[in-house]
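Residue-level structural notes
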Amino acid sequence: MRVPVVGTLLVGTLLLALSGAARGQAAAESCQTYTRSGAGAPEVVRDWLGRSGDERVTVCSAPAAPGAAGAEAPPRYRGESAVSRHASVCSYSSHGLVKVGSGAAARLQRYDRGDAVRMALAGEDCPPAHPAPAAPGYTETYDVSPAAFLAIVQLWQAAAASTTSFDQASCCGNDGANPGPVPSATSAATRARLRAAIGAGQMRTAAIIRIVRLSGTLLRRRYALLVADPEQHSGGTGLYVLYVSKPLTGPYRITSIVAAAG
């Protein structure tokens, strides 16, 4: 699914809905990835790989819904490109597929025109597209360049390392130089809670869930960065949404922070 470059409030709502759904699915689903050179792929997957530019198809199956009398939900399919490297950033595109038809006429087709791009910082080599659960993985991005991804990840890594760095990264207003508007009590409390978690060392390994470019201007680019909140909340794991601004001639800065349940 392609997230358009639109306003902060709309994108923020959409981001949280997508992330919550993805987390719920990830916790319950069983996924298998099939490649062009691998064996055992379903016929519809082999057919798709034979007539598309995708390198892999991931098939995820969810358990039956309560009260469904043992019926299984239809599998979900995602087509993925090969991993490529641009300087110190590795990436691959990902898009949803849907199964149409039945029997011998069944086939996969795209249901969205745009791609999500999953990115990761490179080491000596690019990490595998689907690393082991404990290994660093790829972050889903929308309309984010490799250079912006690198800068935003480095901004967050520095901010998560110490409260001093966090204060420096989030010290300024929307113009990157002057103090911004006085924050609300809620946003000030969220910032204070995140700062305390950083001070306790809890955010050093917090997962970056998603980065999305928001609507901006020729003189300012704006992004939303979703980071996992290690504290448990009712209804699931929490999320921090950090809004990041990049003026034409200034550095990236964290300009606002919102908390929500994942």
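Everything that follows concerns the structure shown earlier in this document.
Now for a look at the structure at hand. In this text, all values refer to a predicted model and were calculated from it rather than measured experimentally.

Thoughts on the overall build of the protein
When helices and strands are counted, the protein shows five helices and twelve strands. Evaluated residue by residue, the protein yields a buried proportion of 37% over its 262 residues. The contacts of the protein with a sequence gap of at least 6 include a subset with a gap of at least 24, amounting to 55%. Carbon and sulfur atoms make up 56% of the accessible area of the protein, which totals about 13500 Å².

Remarks on unusual backbone geometry
A positive phi angle, near 55°, is found at Ala87, a position not held by glycine. Tracing the backbone through its elements, the reader meets Ala87 in the loop between β4 (84–86) and β5 (89–100). At Asp143, a position not held by glycine, the phi torsion is positive, near 60°. Secondary-structure assignment places Asp143 in the loop between β8 (139–142) and α3 (146–161). Look at Asp143 and you get partly exposed, because its relative accessible area is 30%.

Structural notes on the nonpolar core
Soluble globular proteins tend to pack their nonpolar side chains together in the buried interior. Ranked by size, the top nonpolar core spans 29 residues in total, and within it Trp156, Leu194, Met203, Ile211, Leu225, Leu242 and Ile254 carry the most contacts. Elements represented by at least two residues in this core include exactly α3, α4 (163–169), α5 (185–199), β9 (208–217), β10 (220–233), β11 (236–247) and β12 (253–261). For this core, the element with the highest residue contribution is α3, accounting for eight residues. For Leu242, the residues in contact, after removing those within four places along its chain, are Trp156, Leu194, Tyr223, Ala224, Leu225, Val227, Ile254, Ser256 and Ile257. Formed by twelve residues, the second largest nonpolar core is a distinct cluster that contains Tyr34, Ala41, Val45 and Tyr77.

Notes on the state of the cysteines
Summed over the entire model, instances satisfying the criterion amount to two disulfides. Sulfur-sulfur distance for the disulfide between Cys31 and Cys60 comes to 2.0 Å. Sign of the S-S torsion, about 110° for the bond between Cys31 and Cys60, identifies this disulfide as right-handed. Of this pair, Cys31 sits in strand β1 (residues 30–35) while Cys60 sits in strand β2 (residues 56–61); the two residues are 29 residues apart in sequence, bridging distant segments of the chain. Judged by its relative accessible area of 8%, Cys60 falls in the buried class.

Cut-offs applied
- Residues numbered from 1 in each chain as written.
- Predicted model: local features only at pLDDT ≥ 70, side-chain atom pairs only at ≥ 80, totals over all residues.
- Heavy atoms only, no water.
- Helix = DSSP H or I, 4+ residues; strand = E, 2+ residues; numbered from the N terminus.
- Buried < 20%, exposed > 50% of the residue type's maximum accessible area, 1.4 Å probe, protein only.
- Contact = heavy atoms within 4.5 Å.
- Areas by Shrake-Rupley, 256 points an atom, 1.4 Å probe, with all protein chains shown as cover.
- Core = buried A, V, L, I, M, F, W, Y, C linked by side-chain atoms within 4.5 Å.
- Disulfide = S-S within 2.5 Å.

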